[in-house]
Amino acid sequence: MTLSRPFRSLFLSIFFLTTFLKIADAQIKPGRDPNQPIDQEYTNKIREYTTAPYFNSPLTDYLPASADVPNPKAVLGDVAGAPGKLPYAEDVYKYMRMLERASPRVKVYSIGTTEEGREMIAVAIGSEQLINRLEENRARLTKLADPRSINMDEAEADRLVAASFPVYYITGTIHSPETGSPTALMELAYRLVVDNSPYVKFIRDNVLTLITPVVEVDGRNRMVDVYNWHLAHPNENWPYLIYWGHYVAHDNNRDAIGLSLKLTRNVMNTYLSWKPQVLHDLHESVPYLYDNTIGDGPYNAWVDPILTDEWQMIGWNNVSEMTKFGMPGVFAHGNFDTWSPGYLMFIAATHNGISRLYETFGNAGADTVERTLSPSEYQRTWYRQNPPLPKAKWSQRNNNNYQQTALLTSLHYFGANSKLFLKNFYIKSKRSIDKPKNEGPAAYVLPGDDPRLGNQAELLRTLQMQGVEISKATAPFTVAVKKKPGSATSPRPSAAATAAASPSPAASPTPTPKTEDRTFPAGSYIVRIDQPYSRIADALLDYQYWAPNDPQQDIYDDTAWTMGELANVEVVRVTDVKVLQASMERVTSEVRSPGSIKNAGSVFLVNHNADNALVTFRYRLKDVEMDAAEEPFEAAGRKFNRGSFIIRRANGDDLRRVADELGIQIYAVNDAPSVRTHPIRAPRIAVMHTWLSTQDEGWYRIGLDHLQVPFAYISTQDVSRDPNLKSKYDVILFAPVGRGSQAIINGLPMYGNPLPWKKTTLTPNLGSIDETDDMRPGLGWSGLQNLQKFVKEGGLFIAVDDTTDFAINYGFTAGVSVNRSSRLRAVGAILRTKMVDAGSPIAYGYSDSLAMYCSNGPIFNINNGVGGRGPRTQPRATGRGTPDDPDVPQGRPPAELPEPPPRVEPWEAPPVTDEQRRNAIGLIPPNQRPRVVLRYADSRELFVSGLLDGGDEIAQRAAIIDVPSGNGHVLLFSTNPFWRGQTKGSYFLVFNAILNWDNLNAGRKLAEK
Ligand SMILES: [Zn+2]
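Residues numbered from 1 in each chain as written. Predicted model: local features only at pLDDT ≥ 70, side-chain atom pairs only at ≥ 80, totals over all residues. Heavy atoms only, no water.

Tell me about the coordination of the zinc ion, and name the residues and values.
The zinc ion binds to the protein through His 175 (ND1), Glu 178 (OE), Glu 178 (OE) and His 283 (ND1), with metal-donor distances spanning 2.1 to 2.5 Å. Each of the 4 donor atoms bound to the zinc ion contributes to angles spanning 55 to 151°, and the resulting shape is irregular. When the donor residues of the zinc ion are listed from N- to C-terminus, their spacing reads H-x2-E-x104-H. With His 175 in the loop between β3 (167-171) and α8 (181-194) and His 283 in strand β5 (residues 278-283), the pair connects residues that are 108 residues apart, well separated along the chain. What makes His 175 buried here is its relative accessible area of 3%. (Donors = N, O, S within 2.8 Å, 3.2 Å for Na, K, Ca; no water. Tetrahedral: all angles 85-135°; square planar, octahedral: opposite > 155°, others 65-115°. Helix = DSSP H or I, 4+ residues; strand = E, 2+ residues; numbered from the N terminus. Buried < 20%, exposed > 50% of the residue type's maximum accessible area, 1.4 Å probe, protein only.)

Set out below in structure tokens:
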């Protein structure tokens, strides 16, 4: 680095200043200021509730007294972490606002509301000087976060760093059964405001601490209800937390990709506006403190290596300091791989900050109990030299001691190295802007002629929420792009080669890919990678490759999330920097697809392109008659796909208004096209849940709610009591449960007392989503009968992943059997499917090749007989000759062999044999046989993104099957069409089934026999 003289002296003085600070810091001992009085009563309680002295530290074994600042007892009636005390979010906020009123060192900000309307807050704490300079500091951090604003001027960056203080953002209790953070953060806030020990004063003077004490507010209040019920019924089993947030439970911490939940959006917006250097999320599932910031490999492939070095620095300091305090069970490695960007804390990792996460040890409530660990938890390992104790009495206070001690040591270390981390923040931001000329790519392009402009706009809006800048081409432009596999020069593999192909995608080092020129039309969207938040765009739009032989065999979460594929939208990665010179303008408002009515006429046509807005359109205009074309047609000089909407009688103004709002293109013509049609209605939908788990079905509800598709929310218990389901519903959707078919029928064991989930004065936050007097009973045999009757009477029952096991095993689906894989590893992966029956209404709007989310989906076999299995190849028997020679019995002339049966594909039923027809008891009539709509691609094409190993086991098998049953249908998904708000490109398979529920046999070609 060459610097001009004045800058060099500035640089040197900063250097000496930071060095001095570090030396000064080294002399600051953690522990109380003997000149500051302590709150003796509070301190006594801390000692009483801490179960052993080594579960505390010199930072938290006392509480400084204050004459005018209230401590947490003011709200809790006892100390933080006291047994039996679990505050509601409102109580936590009340305390934070008491602090704000009592001290100029605190400011409380409202950062939005939850799905159920509860407030989320962020509490800023620092010295008066820091609080007074919040806005000017924010302005400086904003410049450091976007080095373009200072023309990448290094000297100016150094001046900004020298003048700035860092912001360290802590978030608590996103996981509602992990209950300790709110009280830990209340007391931490108090200490940061009041404590005059040099150690804490140093933090207050050098770091702005920002705290969201409750992230999952709806779930927190439900958890407190459950705990209070437990306190009121001391000798009984208590209901477990079946609902956390309004939609999802544990996976609220997997939403940083799709941003479906308000809590993620609120934290994202807080992050983007405060420009903190750290986002530190608190969890409680590992004894006693697993600082999983360092975690384990593989690391996310798109983050800056500077960040991964920062993880090591902070993580090891944390372990080291707490080891010196003599606190057992503090460690930094473990089984958490740092691959997926879906975690809340990863918002920082992908936006040039530092992501951090603690797992401490909680009791899921505030009871003090004896906890016995498993050997894997208490054994010493190389990274855990002082492991947790095999058995210990554990209290919420212990947990609060660990949480606060760890946070204080981190804040102190961060303050002592604040200039380094601020400069790193700048460098990481700058390197994100420099990406096109370093590692690339230069941009991602979303072509202006994509057939699904609505889904494209939705994907771009998600990127905008991530803080990504979007540009739009104002003229066509031509750049070099990677040559597509399968374009003229790379021949497709032959069928024979395909069948013998290796099950997993080849992992050979590839030479530089060949390129070809491609011209994109004006109106194409360009995600420039020379912007500060390019890393999140790159991480989300790129493909993932997880090697089957990766040393990490304990995979923590999804291995793939490629957004373009899952949205069924084309996204082109462009490394040619020429793309940045294309004529374009920055999009300054939300990306919207154009919606209007073109031409004039009394008949209105809407092309079916599987854009999700079409389902909203249908339900918004539920009283307008609409038909679906059963074949493609041409009209108004355009091609229309199968399934396109034909509207013969409607008010043009109403249509125009809705089309404009939803971004749908309508074409008016004078005469309806002459094509076979059937009505598409707006049927009555029920989403059925169990009382076992609502984790995965929540993603279905959120998808339906966002698209304004109305549905009834019913439980298996409701179904068990209702023999006339068909009178209420046309479609019942049964999303994955994850507990097995028998548990769906049986529910929970009926031992002990009932487990109510109801709104009462003791539990005011339960029951708002659904309620029951007793969570234990399941669907039962009556429920099974009622569901089967519903289908026979004409209803549509949709099952996905493990609920297909339920449907198949309990006899809903003649001709389909299921196996679970033995070798397949598709761990949250994206796999390619192929069209089998494009005439099925379920396939309307889709083309041949759809990428879908799959998590070791069930493997279906198809048969034309009841109870039969799928095709099996018969290898030749031992005998004379080569493998393809016939054997020859000796001593007689050779017998003439029958014609070999026609080749049967793995997604097909074997042809009906003469033997089956002779007495056709089990033979399914042709119009009741399973109809395969999509299948998995063959082994060579199956892999799209993530980890796929043993793929031959599922390759070419049926992926989506429509099974007629009586007057109704059962629809089976081996893939999962609704996952974490990321799979918007496959939503319409379900919507098609819903809209065409009473005409699913349309376009079906029946077998003759
Ligand atoms: Zn957790």
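I'd like to hear about the nonpolar core, residue by residue, with values.
Core analysis: the largest hydrophobic core is formed by 162 residues, its most contacted members being Met 96, Tyr 402, Leu 463, Ile 470 and Val 527. Residues in contact with Tyr 402, not counting those within four places in the same chain, are Tyr 54, Phe 55, Tyr 288, Leu 289, Met 322, Met 327, Pro 328, Val 330 and Trp 394. One finds Ile 685, Leu 704, Ala 826 and Val 990 within the second-largest nonpolar core, a separate group that totals 86 residues. (Core = buried A, V, L, I, M, F, W, Y, C linked by side-chain atoms within 4.5 Å. Contact = heavy atoms within 4.5 Å.)

For unusual backbone geometry, give the residues involved together with the corresponding values.
A negative phi angle characterises most non-glycine residues, just as the trans form characterises most peptide bonds. With an omega of -10°, the peptide bond running from Gly 297 to Pro 298 counts as cis. In this structure, Pro 298 sits in the loop between β6 (289-291) and α12 (305-324). In this chain, Gly 440 is followed by Pro 441 through a cis amide linkage whose omega measures -5°. With respect to the secondary-structure elements, Pro 441 resides in the loop between α16 (418-433) and β11 (443-446). The backbone phi angle of Gln 956 is positive, close to 70°, even though this residue is not glycine. Mapped onto the elements, Gln 956 comes out in the loop between β37 (948-949) and β38 (958-965).

How would you sum up helix α26 (residues 780-792)? Please name residues and give values.
Here α26 spans 19 Å end to end across 13 residues, near enough to the 18 Å set by a 1.5 Å rise per residue. Gly 794 lies just past α26 and shows a positive phi near 115°. (Expected span 1.5 Å × (residues − 1).)

Describe the pattern of salt bridges, with residues and values.
Taken as a whole and assessed by the stated rule, the structure comprises 66 salt bridges. A salt bridge links Lys 437 to Asp 434; the nearest nitrogen and oxygen atoms lie 3.1 Å apart. Residue class for Lys 437 comes out exposed when judged on its relative accessible area of 67%. Look at the salt bridges and you will find they share partners, linking Asp 304, Arg 431, Lys 435, Glu 439, Arg 535 and Asp 538 into a network. (Salt bridge = Lys/Arg side-chain N within 4 Å of Asp/Glu carboxyl O.)

How would you sum up the sheet that holds strand β23 (residues 645-647)? Please name residues and give values.
Ordered in space as β18-β24-β19-β23-β20-β25, the 6 strands form an open sheet in which the pairing is mixed. Of all the strands in the sheet, the pair left with one neighbour each is β18 (596-598) and β25 (677-679). The sheet shows a mean angle of 30° between the axes of neighbouring strands, direction not considered. Examined bridge by bridge, β18 and strand β24 (residues 665-669) share 3 bridges and lie parallel to one another. (Pairing = 2+ DSSP bridges. Axes fitted to C-alpha atoms, helices over the stretch in contact; angles between N-to-C directions.)

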